[in-house]
Amino acid sequence: MTIDLDAPGLLPPRMTAADDGRRIVIYGDFTISSVFQPVFSVSHRRAIGYHASLRAHDAQGRHVPSHEVFTMAARHGDMLELGRLAESLHLGNFHEFDSRDAWLFLNLHPAALMDTVYGDALIATLKATGLSPQRVVLEVPEQAGGDTPRFGAIVGSLRKAGFLIALGGFGAKHSNIDRVWDLRPDIVVLDRGILAQAAEQSHLARVLPGLVSLLHESGQLVMMGGLTTDREALIALECNVDFVQGQYFAAPDFDPVPPKVAAERMDALSSALRTQIVERERAQHARLAPYVAGIESAAARIAQGQDIRQATHDLLALPDAARCFLLDAAGRQIGDNVLPHSHSSQRAKRFRPLLHSEGANWARRPYFIEAMRAPGEVHFTPPYLSINEAHLCVTASIASPAKQGLHVLCVDINW
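A brief report on the enclosed structure follows. In this text, all values refer to a predicted model and were calculated from it rather than measured experimentally.

With respect to the overall build of the protein chain
Then step 1. Assigned secondary structure in the protein chain consists of 15 helices and 17 strands.
Then step 2. Sorting the 415 residues of the protein chain into buried and exposed places 44% on the buried side.

See below:
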């Protein structure tokens, strides 16, 4: 339905009680109530918090988007009062909510955050409802406040008052990691758009665990919301996020989610993820098996004194072999890369300055470190960006005896 923004004679919003005892806000013909969507801890297998949102209905009981009600309130000069009442509504209903020690997640409007007395007013409301600031997670929009020192100071004062701070929508538009470093939130909420793209593009799904790891190393817990499908939920778990939320797990409701439901859903997901990883590893093992035999044979020939180009001929004939190269015991490359006879691509031409690697030092690379750690065994790296042509590859390596100690034979495999 469409709301008449110029409806005359609206009475100011007021708080009252519904028939079931829950608090509601009446604004004109609209009834506004609180609903709470659980936030689950993957490790704890239970809801550790609830995200508050508004649900509005008109006089006929039809659902009305809450943002349209707020738009109407702004036109009539009631925006600030309605916002404060909505916050009190959430706090009061959550206090009556059987949530034990769970957090209450509140979305904050950027304008409220820039109000220097906001924190004091919120604490006063908390005292009136019997909640402590430590039970409240204030979710700050990632783009809110710009880079102004005042914004950072306000967020800092809220943290000192005991509130937890969540940075919402991270990864959207012009997000930058320095935003996390400046505000030092307790929780970073990844933007839903990142998840949607990762669900459709496998190479983006491979990048997400690194982003989550970076945030963890920066001192933040990570939450992924908006999950609606099995695939999205599995991506979230494999990324090692701490918290998940979405219709896939539970819809917003008036009542807490039963603990058994959450535990069963988490256990089923974890089992599905284990199965997925086992199947992926089995397929990867089958794909890489020819390279194990090929590099072992080539290393043995080189150890017997055969030229690397002759020794790796069969290895480079494998479908995805990109190049072979030999390193000394210090990680320096002996000679140049040995390429398949059919090697020719526009990408190689574009990255020509990186193609010749004689004398390069690869001592920091995992394929050298792991090979030297366990000579005689074949090691494979996870997929990574090859510097030679700036594309994804896996490198197999093996350390073998040589006249001058050990040397390491490597083969890059296009991934």
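Things to note about the packing of helix H7 (residues 192-200) against helix H9 (residues 230-238)
Then step 1. Taken N-terminus to C-terminus, the directions of H7 and H9 make an angle of 105 degrees; their axes are 10 Å apart at the nearest point. Judged by the inter-axis angle, H7 sits roughly perpendicular to H9. Between H7, through Arg192, Leu195, Ala198 and Ala199, and H9, the contact on the second element is made entirely by Arg231, Glu232 and Ile235.
Then step 2. For the contact of H7 with H9, the residue count by class is 4 nonpolar, no polar and 3 charged.

Brief notes about helix H1 (residues 66-75)
Then step 1. If you check which residues of H1 are buried, you get Val69, Phe70, Met72 and Ala73. When H1 is viewed along its axis, its buried side chains cluster within an angular range of 155 degrees and face the same direction.
Then step 2. Of the residues flanking the end of H1, it is Gly77, one or two places downstream, whose phi is positive at about 75 degrees.

Quick word on the environment of Arg184
Then step 1. Inspection of the secondary structure puts Arg184 in the loop between helix H6 (177-183) and strand S9 (187-190).
Then step 2. Residues Arg184 and Gly152 lie 32 residues apart in sequence; the distance between their C-alpha atoms is 9.6 Å.
Then step 3. Setting aside its immediate chain neighbours within four residues, Arg184 contacts Arg159 and Gln220.

Quick word on the packing of H9 against helix H10 (residues 259-303)
Packed helices, taken two at a time, are described by the angle between their axes plus the distance between the axes.
Then step 1. Following both chains from N to C, one finds H9 and H10 inclined at 80 degrees, their axes separated by 10 Å at the closest point. The angle between H9 and H10 places the two elements in the roughly perpendicular class. Residues Ala233, Leu234, Leu237 and Glu238 of H9 form the contact with H10, whose own contacting residues are Leu269, Ser270, Ala272, Leu273, Gln276, Ile277 and Arg280.
Then step 2. Looking at the contact of H9 with H10, its residues break down into 7 nonpolar, 2 polar and 2 charged.

Observations concerning the pairing of strand S13 (residues 333-338)
Then step 1. Where strand S12 (residues 321-327) and S13 come together, 3 bridges link them in antiparallel fashion. The partner of Cys324 across the bridge, within S13, is Val338.
Then step 2. In this structure, the hairpin formed by S12 and S13 is closed by a connection of 5 residues, where Gly331 is found at a positive phi of approximately 90 degrees.

Thoughts on helix H5 (residues 149-160)
The periodicity of an α-helix, 3.6 residues per turn, causes residues three or four positions apart to be oriented the same way.
Then step 1. Between its first and last C-alpha, H5 extends 16 Å over 12 residues, near the 16 Å set by a 1.5 Å rise per residue.
Then step 2. Those residues of H5 lying buried are Phe151, Ile154, Val155, Gly156, Leu158 and Arg159.
Then step 3. Gly162 sits one or two residues past H5 and shows a positive phi near 115 degrees.

Considerations on unusual backbone geometry
Then step 1. Its identity is not glycine, yet Arg184 carries a phi of approximately 50 degrees, on the positive side.
Then step 2. In the Ramachandran plot, Asn240 falls in the positive-phi region, its phi being about 70 degrees despite a non-glycine side chain.
Then step 3. The residue Asn240 is located in the loop between H9 and strand S11 (243-244) in this model.

Regarding the nonpolar core
Then step 1. Formed by 58 residues in total, the largest nonpolar core has its most connected members in Phe40, Leu138, Val244 and Phe249.
Then step 2. For this core, the element with the highest residue contribution is H9, accounting for 5 residues.

A short note on the packing of aromatic side chains
Then step 1. All told, the structure shown has 7 aromatic pairs when counted by the stated rule.
Then step 2. Relative to Phe249, the ring of Phe40 has its centre 5.7 Å away and its plane inclined at 45 degrees; by these criteria the two rings are tilted. With a gap of 209 residues between them, Phe40 in strand S3 (residues 30-41) and Phe249 in the loop between S11 and H10 connect regions that are remote in the sequence. Summarising the burial analysis for this pair, Phe40 and Phe249 share the class buried.
Then step 3. With a centroid separation of 6.3 Å and 75 degrees between ring planes, the pair formed by Trp103 and Phe105 is classed as edge-to-face.
Then step 4. The class of Phe105 is buried, set by a relative accessible area of 0%.
Then step 5. Taken together, the ring pairs in this structure connect Phe40, Tyr248 and Phe249 into an aromatic cluster.
Then step 6. Across the ring face of Phe254, the terminal group of Arg55 is positioned such that the distance to the ring centre comes to 5.8 Å.

Some points on the side chain of Asn337
Then step 1. Among the secondary structure elements, Asn337 is positioned in strand S13.
Then step 2. With relative accessibility at 10%, the residue Asn337 sits in the buried group.
Then step 3. There is a polar contact of 2.9 Å between the side chain of Asn337 and the side chain of Gln333.
Then step 4. At 3.4 Å, the side chain of Asn337 and the side chain of Ser357 are in polar contact.

A word on the pairing of strand S8 (residues 164-170)
Then step 1. With 6 of its 7 residues buried, S8 lies for the most part within the structure.
Then step 2. Two elements, strand S7 (residues 136-141) and S8, share 5 bridges in a ladder whose sense is parallel. Counterpart to Val140 in the pairing with S8 is Leu167.
Then step 3. Pairing between S8 and S9: 3 bridges, direction parallel. Looking at S9, one finds that Ala166 is bridged to Ile187.

Each value, and the rule that gives it
- Residues numbered from 1 in each chain as written.
- Predicted model: local features only at pLDDT ≥ 70, side-chain atom pairs only at ≥ 80, totals over all residues.
- Heavy atoms only, no water.
- Helix = DSSP H or I, 4+ residues; strand = E, 2+ residues; numbered from the N terminus.
- Buried < 20%, exposed > 50% of the residue type's maximum accessible area, 1.4 Å probe, protein only.
- Axes fitted to C-alpha atoms, helices over the stretch in contact; angles between N-to-C directions.
- Parallel < 35°, antiparallel > 145°, perpendicular 65-115°, else oblique.
- Contact = heavy atoms within 4.5 Å.
- Nonpolar A, V, L, I, M, F, W, Y, C, P; charged D, E, K, R; others polar.
- Arc of directions from axis to C-beta.
- Pairing = 2+ DSSP bridges.
- Expected span 1.5 Å × (residues − 1).
- Core = buried A, V, L, I, M, F, W, Y, C linked by side-chain atoms within 4.5 Å.
- Phe/Tyr/Trp six-rings, centres within 6.5 Å; stacked < 30°, edge-to-face > 60°.
- Lys NZ or Arg CZ within 6 Å of the ring centre and 35° of its normal.
- Polar contact = N/O pair within 3.5 Å; in protein donor to acceptor, adjacent residues only side chain to side chain.

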